[in-house]
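Observations on the model geometry
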Amino acid sequence: MGLLSPIYLLFALSIGVLILIYLSARSRSTVEVSSLLLFDESQIAVTKARFLKLDLLFWLETAALAALCLALAGLYLKMAPAATGHRRRALVFDLAAAMGARDGGHTRLDEARAQALRMVNSAAPGESFAVVSYAEQAQVERYFTSDRPAVRAAIKALRPYDVASAPAAINAALMRVRDADEIDLFAPRLPPGVASLDRADAVRLHFHQIGTDENNAAITALDSGTPRVSPGHCTVRNMSSSAVLVDLGITLNGRAFDRAMMILPPHAQNNVKFGPLPSGGLVEALIGTPDGLMADNSRYAYASAGRSLKGLIISPDPAVRDDLARVLRAVDPGSIVAAGRADDLTPSIIAKSLGGAVPDIAIIHDSAPTPIAAAATLWIYPPARGPFPVRANLRVSQMDDRTDLGPLTRPLLLGPTRVLSLPEWMNPIAHGTGLQQPGLLTLAAFGVNGQGPQAVIAFDIRNHLLMDPDMLDALVLTVDLVKQLNRPSDLQIVPTGSYVTLPASGPARIREPDGSTIVVPPGDGGVLRFRPLYAGRYDIMVGGHRKLVYANYFDAAESELSVKPAPQNGPPISSALDLDSGVRAARVQPLTLALAALAMMAFLLESALLVRRALRGGVSLV
Amino acid sequence: MTPVVSMMLARAFEPSFLQRLDNLVLGIKRARTVRLGRRALGRVQGSGIELESFKDYSEGDDLRFLDWNSMARLDTLYTKSYRVERETEVSILIDCSASMGLPVKDDKFGLARVLGAALAYVALGENDPVRLVSFGGPRDQLFYRATEFYRRRESYASFRPMLTEIKCSGATDMAAAIEHFLNQRRPPGVAFVLSDFLIPSTHYKVAFSHLIAARYEIKVIQVLGSRESMGSLGPGAYRLRDCETGEIREVTITPTVADACRRRVEQLRNDLYQHCTANGITYAAAVGADNLDNFLVRELPRLGLVR
């Protein structure tokens, strides 16, 4: 016996109110009389000490209220399940990065697999299993089946990803197995979405906490600096509750450049400075000391080559041109910038300004496309006659989060914004909301097509928006996009789990960090789109060209490998002993209807008594 | 004292009220023929002024009453008997228990005090010694207070302080009060007892038996409130508390129960009346303060309490 929603027991306070009303009604009618001799004929017993006299109406109301409270609180009975039967059990696995952490000689997922396999092996005949996994998204590996070898194969085929688990993913996973009689969740910690589950679902859910406390150090950030100008920085954080030794190595284009040994106190971080780098190229930071999680032990960054960045800025507003030039100079102090209105900038003027070279980047603000070719293009507040169809013009919008960095510390209120129809090959970078605009609004996006890297910012940056200290997130977004556009076209550095788009005329062979190779056909529009789910280097051969994608992983919640006890109000926690002994969870039988019927009967009986009293003693007695 | 009570009591000293009492005389057995030379019952005042009769002398008669003139003329011995002018002590006992104060709107206590004062005024008109006695008080602690005897109507105002100061409280212990009253060893007289008599019948029966044994002429006036006699509580559930005993009873008043309560009041009155009639006690019931004038001028003469 138990309660599905104990919080609703608060309604039991109404019984207290009823008792107060009852006592108040009793005390109200106390009358002092000259003598009780006058009332001897009433033949009513003297009452001196009884606190709650036997008033049938009162007790009926109390019983009805108690029954209603218990019905609201979801009183249920645990019924013993049938020894054999056709029960449906769902095995839900967390495949986020923390499940890849090593506890001794095996990973947490190995432990989860072993528990699940024991469960499958000891299952009663006729019992069916489903295997569902989730990380960034939910995946049904095997729907309900009583084919044990298939279930075992599905369990054994599970692999952890180097991504964080999304709250929506666990909910989606549970939704897909909502028909299950029992749900066994294997995860290192109780996902937030599960803690807020409806109690009826939570009762069916059995949480198997996987893993033990492990030390872990992670590289949380890597900045290459500017070659020969400014040093780079690498941030290392101790994610565990004990001090760890960290051996940090920095390589430039595969050659060792710097090395640092440090002991990090619990939950402390160190910002390691290196360089300046002698030349541009791929910078990799690597923690050499073994720890619980390998995925966050390496990180990649790109240092632009020594040549000066040549930028072209087109805007009708001179203030905007000035601000954007400052941004380019901040990204590359040696950059050469040509700026002007679209009508004023002819190819000859540009060639003269940039020394005859093709611009590395063209930033086009609120202007139509120009015939001038550039290696990469950043569109800011593009007009309707631009490359992206404009669905609506907003006077005000708000930026809420970035896909690569997460939610902003505080929402950023922006000015005029255009709602753009973006092509599929572009990946959203920043989201927000607009006034009287339903749904999410894409405020910035990045992608690569046949014309090279393209990025777009949907909001206007007039009135020195980028230089406003209160609009720092807008400036950071612009700088990040400029840096991303300025990278070599055959090299991308992305966070794990994000989409990578590449121009492709045919199928691409992708060699993953673990050495396996997959073939991915191109999508619509000659664009290859895939998600790197493991940290490391992806070697892509497409159309005879080689392109490299480096995936960085870090998530504070996943990298924290300490095992926290599950909350008291969460679903029941099962141990390995339960699985071995074949103990089955009882079937839940809610008593809501029975209690509601009981309350209804009490009210009906009370009504009948009232009618009887009214008929016998008059309406004034009721 | 509530304003209602003050107004009620104030009437007892209004000239117009007293004027209506001027012509009334107490209906008491005042004068008895005293057989000279015998031990007479009651208080014998030696000789009177008014000659009643003659009789032959018999041995043992008091020679002081021998009619010497008759003997000289007729040579026969006669003794004279006189109608003795006797004064009768009138004691007016007022119940001051808590029950006399309820129901408050009925003002039973005010009515009892006015009646006591009126009877005292009438008694003073005959130059009889009159006193007021109040009794009541907390449980197990008798509150007893009495004025001195006054004989003239000019002294009527002397009763005012006591009538003003006495309050309703405590239980009615009538037997103890009467016992205390008789312990003062006064000659028997007339005792007016004013009370609601809402006590068990055995209590007032014991009290009356003591008075009868002491040869008192007893006049009982039962004072009840009009609401009390008709049932002041409307239909509903009540928790009743006896103001004297503190006993609590939970009662649901229905029309049936209300009728039963009215019948109970009538039964209590009838019991008292029956007991009084059987023991030669004059009984009168004063119900409701509004009926004061009617009670004094019509009811009391009808019952012979006054003439």
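As a reminder, the structure under discussion sits directly above these lines.
Read on for a plain summary of the structure. (Residues numbered from 1 in each chain as written. Chains lettered and ligands numbered in written order. Predicted model: local features only at pLDDT ≥ 70, side-chain atom pairs only at ≥ 80, totals over all residues. Heavy atoms only, no water.)

Some details on the nonpolar core
- Core analysis: the largest hydrophobic core is formed by 50 residues, its most contacted members being Ile92, Leu115 and Ile221 of chain B.
- Broken down by element, this core gets its largest block of residues, 13 residues, from helix α4 (residues 108-124) of chain B.
- If near-sequence neighbours (up to four positions away) are discounted, Leu115 of chain B is found in contact with Leu194, Ile221, Val223, Ala286, Leu292, Phe295 and Leu296 of chain B.
- Counting 40 residues, the second largest nonpolar core, distinct from the first, contains Val327, Val331, Ile457 and Val479 of chain A. (Core = buried A, V, L, I, M, F, W, Y, C linked by side-chain atoms within 4.5 Å. Buried < 20%, exposed > 50% of the residue type's maximum accessible area, 1.4 Å probe, protein only. Helix = DSSP H or I, 4+ residues; strand = E, 2+ residues; numbered from the N terminus. Contact = heavy atoms within 4.5 Å.)

Quick look at α4 of chain B
- The end-to-end C-alpha distance of α4 of chain B is 24 Å, a good match for the 24 Å that 17 residues give at a rise of 1.5 Å each.
- α4 of chain B sits mainly inside the fold: 17 of its 17 residues count as buried. (Expected span 1.5 Å × (residues − 1).)

Digging into the pattern of salt bridges
- Scanning all chains against the criterion turns up 29 salt bridges over all chains.
- The residue Asp110 of chain A makes a salt bridge to Arg113 of chain A at a minimum N-O spacing of 2.6 Å. Residue Asp110 of chain A and its partner Arg113 of chain A are located together in helix α3 (residues 108-121), separated by 3 residues, close to a single helical turn.
- Exposure remark for Asp110 of chain A: the relative accessible area of 28% places this residue in the partly exposed category.
- What makes Arg113 of chain A buried here is its relative accessible area of 15%.
- Note that Arg262 of chain B is salt-bridged to Asp259 of chain B, the shortest N-O span being 2.8 Å. In this pair, Arg262 of chain B and Asp259 of chain B are both assigned in helix α9 (residues 255-278), 3 residues apart and thus about one turn of the helix distant.
- Where salt bridges share partners, they join Arg87, Arg89, Glu127, Glu182 and Asp184 of chain A into one cluster. (Salt bridge = Lys/Arg side-chain N within 4 Å of Asp/Glu carboxyl O.)

A closer look at the packing of helix α7 (residues 201-213) of chain B against α9 of chain B
All names here are of chain B.
- One can describe the packing of α7 onto α9 by two numbers: an axis separation of 11 Å at closest approach and a directional angle of 20°. Classed by the angle they form, the pair α7 and α9 counts as roughly parallel. The handedness of the crossing between α7 and α9 is right-handed. Contacts from Tyr204, Lys205 and Phe208 of α7 reach α9 at Asp271, Leu272, His275 and Cys276.
- Class assignment for the residues of the contact of α7 with α9 results in 4 nonpolar, 1 polar and 2 charged. (Axes fitted to C-alpha atoms, helices over the stretch in contact; angles between N-to-C directions. Parallel < 35°, antiparallel > 145°, perpendicular 65-115°, else oblique. Left-handed = near helix turned anticlockwise from the far one by under 90°. Nonpolar A, V, L, I, M, F, W, Y, C, P; charged D, E, K, R; others polar.)

Observations regarding the environment of Arg148 of chain A
Residues and elements named next belong to chain A.
- With respect to the helices and strands, the residue Arg148 is situated in helix α4 (residues 148-156).
- Along the primary structure Arg148 and Leu117 are separated by 31 residues, whereas in three dimensions their C-alpha atoms are 9.6 Å apart.
- If we skip the residues at most four places from it in the chain, Arg148 touches Val120, Ala123, Ala124, Pro125, Gly126, Glu127 and Phe129.
- At a separation of 3.0 Å, a polar atom in the side chain of Arg148 contacts the main-chain carbonyl oxygen of Ala124. (Polar contact = N/O pair within 3.5 Å; in protein donor to acceptor, adjacent residues only side chain to side chain.)

Structural notes on the sheet that holds strand β11 (residues 217-223) of chain A
Residues and elements named next belong to chain A.
- Read across the open sheet, the 3 strands follow the order β11-β12-β15; overall the sheet is antiparallel. Only two strands of the sheet have a single neighbouring strand rather than two, namely β11 and β15 (269-274). Neighbour-to-neighbour, the strand axes of the sheet open up by a mean angle of 20°, direction not taken into account.
- Strand direction decides the pairing type here: β11 and strand β12 (residues 232-238), joined by 6 bridges, are antiparallel. (Pairing = 2+ DSSP bridges.)

Some points on the environment of Ser240 of chain A
Residues and elements named next belong to chain A.
- Here Ser240 is to be found in the loop between β12 and β13 (244-252).
- Along the chain, Ser240 and Pro265 lie 25 residues apart, while their C-alpha atoms are 8.9 Å from each other.
- Those residues in contact with Ser240 that lie beyond four places of it in its chain are Glu214, Asn215, Asn216, Pro266 and His267.
- At 2.6 Å, the side chain of Ser240 forms a polar contact with the side chain of Asn238.
- At 3.3 Å, the side chain of Ser240 and the backbone oxygen of Ser242 are in polar contact.

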